[in-house]
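What follows is the residue order along each chain.
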Amino acid sequence: MGNFVQMPKLGMTMTEGKIVRWLKREGDFIAKGDYIFEVETDKTTLEVDSLYEGVLLRWFYGEGDTVLCDTGIAYIGAAGEAVPEIAAAAGASGQAATPSVESVAPQPAVQPLQADGIAYDYDLAVIGGGPGGYVAAIRAAQLGAKIALIEKGTVGGTCLNRGCIPTKALYASAKQWTKVKHAADFGIRITGAELDFAAVMKRKDSIVKQLTGGVARLLKKNNVDVIYGTGILVKEHEISVGDKTVTCRYAMLATGGKPASILKNVEDDVPIYDTDKLMGLSVLPKTAIIVGGGIIGCEVGCILNAFGTKVTIVEMLPTILPMVDADVSALLADRMTSGGIDIRTSVTADAVKKSGGLYGVSLSDGSVLECELILEAVGRKVDDQAFEALGLKRSLKGFLIVDKLMRTSLDSVYAIGDITGISQLAHAASEQGVVAAERMFGGRTEADEPLIPACIFTDLEIAYVGQTEKQARDKGINPRVFKFPFSANGKALTLSETEGFVKVVCDDRFSEILGVHIIGPEASTMIHEAVAVMSLEGTAKLAGATVHAHPSLSEALMEAFLGCSKGAIHI
Ligand SMILES: Cc1cc2nc3c(=O)[nH]c(=O)nc-3n(C[C@H](O)[C@H](O)[C@H](O)COP(=O)(O)OP(=O)(O)OC[C@H]3O[C@@H](n4cnc5c(N)ncnc54)[C@H](O)[C@@H]3O)c2cc1C
């Protein structure tokens, strides 16, 4: 019994491939690993090797044909064997039914957008100047549109003012302080080093100021009119800002979110910090309880811990960071615990009271913890002031429902960023802003689901893209998985940062990369190689065959790709 050769799936976005040319003829003997045809996708061209040995008995498709992934396109078997009909290919391979070439969906034609003949103040008014809104405004202006950006606070939004940037400035100070404390490991003796928390916060503020000033200048350079005030979309094409009315052909909602709160039974006068308030902290607390072991809770926990605060994290789920690969979250939990952070999982914080000069938090397991500062980091909720009256379609959690081109249920209203709930990351908001602007003013009709990497700035640093091992298994895939430890990487050793690993999850048949998970030094930089390879539909085999400079941390990524293909060398 022979085997059907299938159109491979080389990347997460690949749905079909074009057979550029056959490299073997019917009747040729094929050894495992022989290149048998060349495939072209919208991103790459690649010679595909055989998973099977035998005689190439039949091609079902010709050169130039476009065929859906997983479709049987040729048959390899024993000489003289009867070739099953192509319709049987799907059953034999266990894949979906074999489609015909004709069934590949045609692309919709570009439909130019028509102006509706009404004189509006602006082609587009964007409400919210975060990384979604300001990027969308600039892109739309680059496409020649007249743009207003309405912002109730400071341009840059949560990300620049209260989120990504200030926390990463604190993270950098925490890392620097840790390095100073471990300087002796590198043969450097430092005496009298002190942490000046006020200076740490001042540095953070000046970075924020520099970046938000830069965004304001970029908006000006692109002729975007920034209107400061609270914008309310009162009806289609009409936004009120204080006593002014702004009319616009399109409106874009990019109003982001605000910290959520779930703590109940909080005695009056007990200050509960959220991350917004934490950014204004003037005195480093000796003890802190962080309610929530998600990304923000863990990032802030690691920063405070590095500065010397005794931190306890209270998480209602069985693990911290439940969204990341299980191996990664387990290693981080170990590292945080051995670094002095007390992690309490599967418990809730049920009541908060004053307790002498401190605050007492009662947990669901009956214990009571005391601390100087309580931070609630339990996620964020939609800031819907700008559109709550409009009746736009929303999910049960309150997120605005949008299509792939970021259109809401009202034709002229687009929504991007955190309010869509698609991904609560700054770079995702920016990408959505670009897609929406190009839809409105660039004639764009299609948007692929982009690969969005995520980085978590904890000690150890984490970065990932694509599926976790569990997500792949839950989909019925039996993936090939390889973990390459930084302890086997020379550069990591020179940095004394040998904890962590690169984990690659890939498809067992075509070595399609399904997910890459890094925990360890420079994870947030290294992940982009994986994003680029996956976006261009490169396989683990190809990525592993790419020469990486020595000594570099990136060699660990190459070794993990090799481990998923022809075998890692250095382990
Ligand atoms: C502590 C913390 C750390 C984070 N770290 C990271 C990180 O490292 N990497 C990452 O990718 N993401 C991080 N995030 C998430 C990131 O900040 C958000 O995903 C991102 O800012 C969302 O962008 P946005 O444009 O949708 O909304 P926002 O950035 O929230 O911007 C919305 C803007 O709209 C304005 N606005 C709201 N309503 C109105 C109105 N009615 N009129 C006028 N203006 C209005 C607000 O003032 C705000 O400026 C972090 C978040 C937090 C809280």
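Check the entry above for the structure.
Presented here is an overview of the structure given in this document. Everything numeric in this text was worked out from a predicted model, so none of it was measured.

**Overview of the nonpolar core**
Core analysis: the largest hydrophobic core is formed by 73 residues, its most contacted members being M336, V502, V504, V516, I518, I527 and F561. Not counting residues within four places of it along the chain, the set of residues in contact with I518 comprises E461, I462, A463, F486, F501, V502, A523, M526, I527 and L557. Membership of the second largest hydrophobic core comes to 55 residues, among which are L219, I419, A437 and A447.

**With respect to helix α4 (residues 164-181)**
For α4, spanning 18 residues, the distance from its first C-alpha to its last is 26 Å, which sits close to the expected 26 Å at 1.5 Å a residue. Listing the buried residues of α4 in full gives P166, T167, A169, L170, Y171, S173, A174 and W177. As for α4, its buried residues are in contact with α3 (157-161), α5 (197-221) and α7 (295-307).

**What about unusual backbone geometry?**
Cis geometry marks the peptide bond from D459 to L460; its omega dihedral reads 15 degrees. With respect to the helices and strands, L460 occurs in the loop between β26 (454-456) and β27 (462-466). Residue H237 is not a glycine yet carries a positive backbone phi of 75 degrees. Looking at where H237 falls in the secondary structure, it is placed in the loop between β12 (231-235) and β13 (238-241). The residue N265 is not glycine, and still its phi comes out positive at about 55 degrees.

**Some points on the side chain of D383**
Turning to its location among the elements, D383 is positioned in the loop between β24 (380-382) and β25 (413-415). Looking at D383, the relative accessible area reads 8%, which means it is buried. For D383, the side chain forms a polar contact with the side chain of K152, separated by 3.0 Å. Dropping the residues within four chain positions of it, D383 is found in contact with K152, T255, G256, G257, K258 and I419.

**With respect to the site of the ligand**
Not every one of the 39 residues close to the ligand is listed here, only the nearest: E151, T158, K168, G231 and D418. Q424 is positioned such that a nitrogen or oxygen atom in its backbone is 3.3 Å from an oxygen atom of the ligand. The contact in question runs from an oxygen atom of the ligand to an N or O atom on the backbone of A426, over 2.9 Å. The set of elements that each furnish at least two residues to the shell around the ligand consists of β10 (147-151), α3, α4 and α9 (426-441). In terms of residue class, the shell around the ligand is built from 12 nonpolar, 20 polar and seven charged.

**Brief notes about the sheet that holds strand β6 (residues 54-59)**
The sheet built from four strands is open, its strands ordered β1-β8-β6-β3 with antiparallel pairing. Whereas interior strands pair on both sides, the edge strands pair on one side only; in this sheet they are β1 (3-6) and β3 (29-30). Bridge count for β6 against strand β8 (residues 72-77) is four bridges, and the pairing is antiparallel. The partner of L56 across the bridge, within β8, is I76.

**Looking at empty space enclosed by the protein**
Here the structure, examined in full by the defined rule, presents two cavities of 30 Å³ or more. Of the pockets and cavities examined, the largest cavity occupies roughly 90 Å³. Around the largest cavity, the lining residues are T167, L170, F197, M201, L278, M279, L281, V300, I303, L304 and F307. For the lining of the largest cavity, the secondary-structure elements that each account for two or more residues are α4, α5 and α7. Here the lining of the largest cavity takes four residues from α7, the largest share from any one element. The class makeup of the residues in the lining of the largest cavity is 10 nonpolar, one polar and no charged. For the second largest cavity, the calculated volume is near 60 Å³. P259, A260, D274, T275, I296, E376, A377, V378, G379 and R380 together form the lining of the second largest cavity. Classifying every residue of the lining of the second largest cavity gives five nonpolar, two polar and three charged.

**Description of the sheet that holds strand β21 (residues 358-363)**
Taken in spatial order, the three strands make up an open sheet running β20-β21-β22, and their pairing is antiparallel. Only two strands of the sheet have a single partner each, and these edge strands are β20 (349-355) and β22 (368-371). Adjacent strand axes in the sheet meet at a mean angle of 25 degrees, parallel and antiparallel pairs treated alike. For β20 and β21, the ladder comprises six bridges, and the chain directions are antiparallel. Within β21, the position partnered with K353 by the bridge is G360.

**Some points on the packing of α4 against α5**
Where α4 meets α5, the closest approach of the two axes is 9 Å, and the angle between their N-to-C directions is 140 degrees. Classified by the interaxial angle, the pair formed by α4 and α5 is oblique. The handedness of the crossing between α4 and α5 comes out as right-handed. Facing I165, P166, A169, L170, A172 and S173 of α4, the residues of α5 in contact are V200, M201, R203, K204, I207, V208 and L211. Across the contact of α4 with α5, the residue classes break down as 10 nonpolar, one polar and two charged.

**A look at the pattern of salt bridges**
For the structure shown, the criterion picks out 26 salt bridges. Salt-bridge contacts for D49 lead to K541; the nearest nitrogen and oxygen are separated by 2.2 Å. Taken together, the residues D49 in strand β5 (residues 45-49) and K541 in helix α13 (residues 540-544) connect sequence positions 492 residues apart. Here D49 falls in the partly exposed class, since its relative accessible area comes to 22%. Between E299 and K168 there is a salt bridge, with its nearest N and O atoms 2.8 Å apart. Here E299 is found in helix α7, whereas its partner K168 is found in helix α4, with 131 residues between them in sequence. Residue K168 is classed as partly exposed on the basis of its relative accessible area of 23%. When salt bridges that share partners are traced, they join D325, D327, E469, R473, K483 and K503 into one network.

Here is what the cut-offs are and how they apply
- Residues numbered from 1 in each chain as written.
- Predicted model: local features only at pLDDT ≥ 70, side-chain atom pairs only at ≥ 80, totals over all residues.
- Heavy atoms only, no water.
- Core = buried A, V, L, I, M, F, W, Y, C linked by side-chain atoms within 4.5 Å.
- Buried < 20%, exposed > 50% of the residue type's maximum accessible area, 1.4 Å probe, protein only.
- Contact = heavy atoms within 4.5 Å.
- Helix = DSSP H or I, 4+ residues; strand = E, 2+ residues; numbered from the N terminus.
- Expected span 1.5 Å × (residues − 1).
- Polar contact = N/O pair within 3.5 Å; in protein donor to acceptor, adjacent residues only side chain to side chain.
- Near = heavy atom within 4 Å.
- Nonpolar A, V, L, I, M, F, W, Y, C, P; charged D, E, K, R; others polar.
- Pairing = 2+ DSSP bridges.
- 1 Å grid on protein atoms, 1.4 Å probe; cavity = no way out; pocket = protein on both sides within 12 Å on 5 of 7 lines; lining within 4 Å.
- Points joined across faces, edges and corners; volume = space filled by probe spheres on them.
- Axes fitted to C-alpha atoms, helices over the stretch in contact; angles between N-to-C directions.
- Parallel < 35°, antiparallel > 145°, perpendicular 65-115°, else oblique.
- Left-handed = near helix turned anticlockwise from the far one by under 90°.
- Salt bridge = Lys/Arg side-chain N within 4 Å of Asp/Glu carboxyl O.

By themselves, these observations are geometric and do not establish any function.
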